[in-house]
Amino acid sequence: MHADRENDGTEGIDEDMIVTQSQTNFICPITQLEMKKPVKNKVCGHTYEEEAIVRMIESKHKRKKKACCPKIGCSHTDMKMSDLIPDEALRRAIESHNKKKKRHSE
Ligand SMILES: [Zn+2]
């Protein structure tokens, strides 16, 4: 006999968490607004509004400073422009999310 099927009732909760999290990921940690052109930092995996993060990195580098990831709790402290890649999947997710809530405006 074997008792490898322990049922403690914790399974199934995670899926709801993922849905809620993907909603908050629409928000840029710099502007606190929903992103229009999200770019992903391939080093730490965080996403930001392209315009905001580019401006932030440029202004830091102009002052010969390192650009830290603006996401709270992230320990990545030396961001480079070349680390940023467009996040097409997220952009499309935001677009379809907006289509649902917008009325016919065109
Ligand atoms: Zn980060």
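The structure under discussion appears in the preceding block.
Note that the coordinates shown come from a computational prediction; the quantities given were computed from them, not determined experimentally. (Residues numbered from 1 in each chain as written. Predicted model: local features only at pLDDT ≥ 70, side-chain atom pairs only at ≥ 80, totals over all residues. Heavy atoms only, no water.)

**Student:** I'd like to hear about the coordination of the zinc ion, residue by residue, with values.
**Tutor:** Every protein donor of the zinc ion is accounted for by Cys44 (SG), His46 (ND1), Cys69 (SG) and Cys74 (SG), and the metal-donor separations fall at 2.0 to 2.3 Å. Here the donor residues of the zinc ion are spaced in sequence according to C-x1-H-x22-C-x4-C. For Cys44, a relative accessible area of 27% puts it in the partly exposed group. Classification of His46 by relative accessible area gives partly exposed; the value is 22%. (Donors = N, O, S within 2.8 Å, 3.2 Å for Na, K, Ca; no water. Buried < 20%, exposed > 50% of the residue type's maximum accessible area, 1.4 Å probe, protein only.)

**Student:** Explain the side chain of Glu49 to me, using residue names and the numbers behind them.
**Tutor:** Locating Glu49 in the fold gives a position in strand β2 (residues 47-49). Despite its burial, Glu49 pairs with no opposite charge, the nearest such side chain being Lys36 at 5.4 Å. Within the structure, the side chain of Glu49 is placed 2.7 Å from the backbone nitrogen of Lys36, a separation counted as a polar contact. Residue contacts for Glu49: discarding those within four places in its chain leaves Cys28, Glu34, Met35, Lys36 and Lys37. (Helix = DSSP H or I, 4+ residues; strand = E, 2+ residues; numbered from the N terminus. Lys, Arg positive; Asp, Glu negative; His and termini not counted. Salt bridge = Lys/Arg side-chain N within 4 Å of Asp/Glu carboxyl O. Polar contact = N/O pair within 3.5 Å; in protein donor to acceptor, adjacent residues only side chain to side chain. Contact = heavy atoms within 4.5 Å.)

**Student:** Give me the lowdown on unusual backbone geometry, citing residues and values where you can.
**Tutor:** Even without being a glycine, Gln32 presents a positive backbone phi close to 60°. Looking at where Gln32 falls in the secondary structure, it is placed in the loop between α1 (13-24) and β1 (38-41). Residue Gln32 is classed as exposed on the basis of its relative accessible area of 54%. Look at Lys64: it is not a glycine, yet its phi comes out positive at around 60°. Mapped onto the elements of the fold, Lys64 is located in the loop between α2 (50-62) and β3 (84-86). We classify Lys64 as exposed; its relative accessible area is 78%.

**Student:** Which residues make up the environment of Val54, and what are the values?
**Tutor:** Along the chain, Val54 falls in helix α2. Separated by 15 residues in the primary sequence, Val54 and Val39 place their C-alpha atoms 9.7 Å from one another.

**Student:** Lay out the nonpolar core in plain terms, naming residues and giving numbers.
**Tutor:** Tyr48, Ile53, Ile57, Met79 and Leu84 are the most contacted members of the largest nonpolar core, which totals 16 residues. Ranked by the residues each element gives to this core, the list is headed by α2, at four residues. If we ignore the near neighbours within four places in the chain, the residues touching Ile57 are Ala67, Met79, Lys80, Met81 and Leu84. (Core = buried A, V, L, I, M, F, W, Y, C linked by side-chain atoms within 4.5 Å.)

**Student:** Kindly report on helix α3 (residues 88-101), identifying the contributing residues and their values.
**Tutor:** Its 14 residues give α3 an end-to-end C-alpha distance of 20 Å, which sits within 8% of 20 Å, the value for a rise of 1.5 Å per residue. For α3, the complete set of buried residues consists of Leu90, Ile94 and Asn98. Relative to the axis of α3, the buried residues are bounded by an arc of 70° and lie together on one face. Residues of α3 that are exposed and point more than 90 degrees away from the buried face comprise Ala89, Arg92, Lys99 and Lys100. Its buried side turned inward, α3 meets β1 and β2. (Expected span 1.5 Å × (residues − 1). Arc of directions from axis to C-beta.)

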